[in-house]
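If you want the building blocks of each chain, they are given just below.
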Amino acid sequence: VQLQASGGGLVQAGGSLRLSCAAAGRGFSSYVMGWFRQAPGKDREFVASINWSGGKTDYADSVKDRFTISRDNAENMVYLQMNSLKPEDTAVYYCAAVQTFGNVVSTESQYHYWGQGTQVTVSS
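Our next topic: the overall build of the protein. Looking only at helices and strands, the protein features zero helices and 11 strands. Its helices and strands in sequence order give the protein the pattern β-β-β-β-β-β-β-β-β-β-β, from N to C terminus. For 124 residues, the compact-globule formula gives about 14 Å, and the C-alpha radius of gyration of the protein, at 13 Å, lands near that figure. In terms of overall dimensions, the protein has C-alpha extents of about 40 × 25 × 25 Å along its principal axes. Taken across its 124 residues, the protein has 44% of its residues classed as buried. With an accessible surface of roughly 6100 Å², the protein has 44% of that area assigned to carbon and sulfur atoms. Averaging the positions of the 10 positive and the 10 negative side-chain charges in the protein gives two centres separated by 3 Å.

In structure tokens, the structure reads:
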């Protein structure tokens, strides 16, 4: 599967953005999808994951109650709604996919496919 992330940009602290990830290829509904981010000088870190049906989600503690991951299997899309953004959310955000009907996945190394990343910058 090929992934294309979009929706990043510059926003003031407290604002919102919605990231989108379009998947090209067959069997999208059989993939667990995830969002990761990498800030300058830091390792890439887990943000959120959603299982194949959308019935299970998982979030990093740092974004819980502010970010929401969702998916539309009919449109081969996954989204990350980001509210109450903080300067520390500034990073390049990546969507990722792993083909499994299992639960959500928070480990970077378990993902097989990655999008190109979209920059999110939150100003104070």
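Moving on, there is more to tell.
Another aspect to go through is the pattern of salt bridges. Applying the stated rule across the entire model yields five salt bridges. A salt bridge links Arg-37 to Asp-89; the shortest N-O distance between them is 2.9 Å. Of this pair, Arg-37 sits in strand β4 (residues 31-38) while Asp-89 is found in the loop between β8 (77-82) and β9 (91-99), placing the two residues 52 residues apart along the sequence. Notably, a salt bridge pairs Asp-89 with Arg-66, separated by 2.7 Å at the nearest N-O pair. Here Arg-66 lies in the loop between β6 (57-59) and β7 (67-72) and Asp-89 lies in the loop between β8 and β9, a separation of 23 residues in the sequence. The two residues Asp-89 and Arg-66 agree in class, both being buried. Salt bridges sharing partners connect three or more residues here, namely Arg-37, Glu-45, Arg-66 and Asp-89.

Criteria and thresholds
The residue numbers shown here count from 1 along each chain, following its written sequence. Reporting in this predicted model follows two pLDDT cut-offs: at least 70 for local features of residues, and 80 or more for side-chain atom pairs to be given and counted; totals over whole chains, interfaces and linings ignore these cut-offs and use all residues. Hydrogen atoms and water are omitted, and side-chain values are computed over all heavy atoms in the structure. The helix and strand labels rest on DSSP assignments: H or I over at least four residues marks a helix, E over at least two residues marks a strand, and numbering proceeds from the N terminus. Here the globule rule reads 2.2 Å times residues to the power 0.38, and the radius of gyration is calculated from C-alpha atoms. The buried label applies to any residue whose accessible area, calculated with a 1.4 Å probe on protein chains only, is under 20% of its type's maximum; exposed applies above 50%, and partly exposed to all values in between. In short, Shrake-Rupley with a 1.4 Å probe defines the accessible areas, and a residue's cover is counted only from the protein chains shown. Counting rule for charge: Lys and Arg are taken as positive, Asp and Glu as negative, and neither His nor the chain ends is counted. Throughout, a charge is located at the NZ atom of Lys, the CZ atom of Arg, the CG atom of Asp or the CD atom of Glu. Any carboxyl oxygen of Asp or Glu within 4 Å of a side-chain nitrogen of Lys or Arg constitutes a salt bridge here.

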